[in-house]
Amino acid sequence: LYLTISGIIKFVNNKNNSETTAIQPEQPKDVTINMAVIGDIMCHTTNFYDAYNSETDSYDFSKVFTQIQSYTQNADLSVGNLETTFAGKNIGYTGYPTFNTPEQLAKNLVDLGLDVVSTANNHSLDKRYAGLENTLNELDKVGLSHTGTYRSKEEQDTIVTKNINGINFAFLSFTYGTNGIPVPTGKEYCINLIDEQLILDQISKAKQLNPDVICVSMHWGDEYKLVQNSTQEKLANFLFENGVDIILGSHPHVLEPMEKRTITLADGTTKDGFVIYSLGNFMSGQVIEDTKNSIILQLQITKHANNKITIDSYNYVPIYMLDNGAGSQDRYKILDINSCISNYESGNSEISTELYNTLKSCKNKIDKIMIK
């Protein structure tokens, strides 16, 4: 073999002749991945009571996810919003208004297929700084990446990245506040609050890593409102203008609209952008109207041979948090609405007519918000 400027020349000798073949360098190819996103992962008292096994004195939330887990497990990248703390059993597990969840949930989320969670939200400091710190320790133990809260300034300055089949993602997260619980003096680094200068600084640090996609989780908006407010819209514009590609909203606990945009950059070129203003609840014990209806967001993202990123499609799986009521052996289960409806209509379902009608109504509500 001889190396020349035109490539590697391979000489092949046959009985009757000598043949020269040039091996061409492999051309870049398009790479497409599927991303799944879930909303608020909460844990009210009723949720962890349901997960408790008195015989083993342990917790297991996995049964809640069995009907929908394939969507997150089979995606190339799965992201969620962790809206509770893992502050430790020694201080007691609690629900609303200051959450402290059995740490087994962290392992169950990894088994669910989650790769990254946002931890910046109004409940991040529910158990003060020690609870925030222990939450991150528990996530590290199970190998679940996290962004938005930190144990040091150095950690805050270190951007979470993932390389998914050759597409490089950077993840950021910000929250409007902490329910009035003060951020500890001298530890302002512990949580990313929504501040334009901080956002710009974090985006700048992300850009230094040359990511293909910058994905930002925003804890914002008005609780229980099915439409975004003007502040959310202004912040979304600000994020897009400064290089963000995907915006994942949370906090309202109900769904809010989503949209794909064409973003015009300063040099006149364009790129795809996507925002969902609120993903609603994924897991919770809330009973307020529309807090049980949610989606698993599905994005298809391609990195083309010329390095351009496109968001090829955005879709969703409608889901519903079933509450069978106090005293039920398996009180909570997240249902795949489309599958349940289809099975009922084909005569292969064990759900009641009442639940079927509820799911039909929920699907209509979800579609009305999501499809514009």
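One can find the structure itself at the top, above this paragraph.
This text gives an overview of the structure that appears in the document.

The rules behind the values
Residues numbered from 1 in each chain as written. Predicted model: local features only at pLDDT ≥ 70, side-chain atom pairs only at ≥ 80, totals over all residues. Heavy atoms only, no water. Salt bridge = Lys/Arg side-chain N within 4 Å of Asp/Glu carboxyl O. Helix = DSSP H or I, 4+ residues; strand = E, 2+ residues; numbered from the N terminus. Buried < 20%, exposed > 50% of the residue type's maximum accessible area, 1.4 Å probe, protein only. Right-handed = clockwise from strand over helix to strand, strands pointing away.

Details of the pattern of salt bridges
Taken as a whole, this structure holds 18 salt bridges when the rule is applied. The residue D50 makes a salt bridge to K63 at a minimum N-O spacing of 3.9 Å. With D50 in helix α1 (residues 45–50) and K63 in the loop between β6 (58–59) and α2 (69–73), this pair connects stretches of sequence that are 13 residues apart. A relative accessible area of 9% means that D50 is categorised as buried. Judged by relative accessible area, which is 27%, K63 ranks as partly exposed. For K260, the salt bridge identified is with D272, shortest N-O distance 3.6 Å.

A word on the pairing of strand β7 (residues 77–82)
Counting buried residues in β7 gives six out of six residues, a clear majority hidden from the surface. Side chains L77, V79 and N81 project from β7 onto one buried face, and the interleaved S78, G80 and L82 project onto a second face that is buried too. Taken together, β7, helix α3 (residues 104–111) and strand β8 (residues 116–118) form a β-α-β motif whose crossover is right-handed.

Here we look at unusual backbone geometry
Here Y96 and P97 are connected by a cis peptide whose omega angle stands at 10°. Within the element layout of this structure, P97 appears in the loop between β7 and α3. Unlike most non-glycine residues, H251 shows phi in positive territory, near 115°.

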